[in-house]
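One-letter residues, chain by chain:
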Amino acid sequence: MKINHIMNASKVLKRKNYFILFIALIFIIFGFLGIGTVFFLVKYQWFIAGIAILIMLVSLYFTSLKLSLKLNGVCDSCKK
């Protein structure tokens, strides 16, 4: 019976620790960026995420283009 109480107490402590860490993380973000910046990021989060995904896709496209040119023997070092 005591083991069950200890395990239940352990689960409760873990939840409390995660909550405390979450609150600490929020305070760190607000303290570092400022409340106006955080509200701006929350308001435009889908727009910002879309731009980030677009930049990532463009960089992947150019990387794949460069790799395909190298694999097909079109690069400058392959011509020599």
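Since we're looking at a predicted model, the values are computed, not measured.

**Some points on the overall build of the chain**
- Across its full length, the chain holds four helices and zero strands.
- Counting all 80 residues of the chain, 2% fall into the buried class.
- Carbon and sulfur atoms make up 75% of the accessible area of the chain, which amounts to about 7,600 Å² in all.

**A look at the packing of aromatic side chains**
- Inspection of every chain in the model, using the stated rule, returns three aromatic pairs.
- Judged by centre distance (6.3 Å) and plane angle (70 degrees), the ring pair of F30 and F39 falls under edge-to-face.
- For F30, a relative accessible area of 28% puts it in the partly exposed group.

**Digging into a nonpolar patch on the surface**
- Judged by side-chain polarity, L25, I29, F32, L33, F40, L41, Y44, F47, I48, I51 and I55 come together as a nonpolar surface patch covering roughly 1,100 Å² of accessible area.
- Those elements giving two or more residues to the nonpolar patch turn out to be α1 (2-33), α2 (35-43) and α3 (45-71).
- Along the polypeptide, F32 turns up in helix α1.
- Note on F32: relative accessible area 72%, which makes it exposed.

**Notes on the confidence of the model for the chain**
- Here the chain averages 77 in pLDDT, and 68% of its residues register 70 or above.
- Ranking the helices and strands of the chain by mean pLDDT puts α3 first, with 88, and helix α4 (residues 76-79) last, with 59.

Calculation criteria
- Residues numbered from 1 in each chain as written.
- Predicted model: local features only at pLDDT ≥ 70, side-chain atom pairs only at ≥ 80, totals over all residues.
- Heavy atoms only, no water.
- Helix = DSSP H or I, 4+ residues; strand = E, 2+ residues; numbered from the N terminus.
- Buried < 20%, exposed > 50% of the residue type's maximum accessible area, 1.4 Å probe, protein only.
- Areas by Shrake-Rupley, 256 points an atom, 1.4 Å probe, with all protein chains shown as cover.
- Phe/Tyr/Trp six-rings, centres within 6.5 Å; stacked < 30°, edge-to-face > 60°.
- Patch = residues over 30% accessible without salt bridge, like charges linked within 9 Å, V, L, I, M, F, W, Y side chains within 5 Å.
- Salt bridge = Lys/Arg side-chain N within 4 Å of Asp/Glu carboxyl O.
- pLDDT = per-residue confidence, 0-100.

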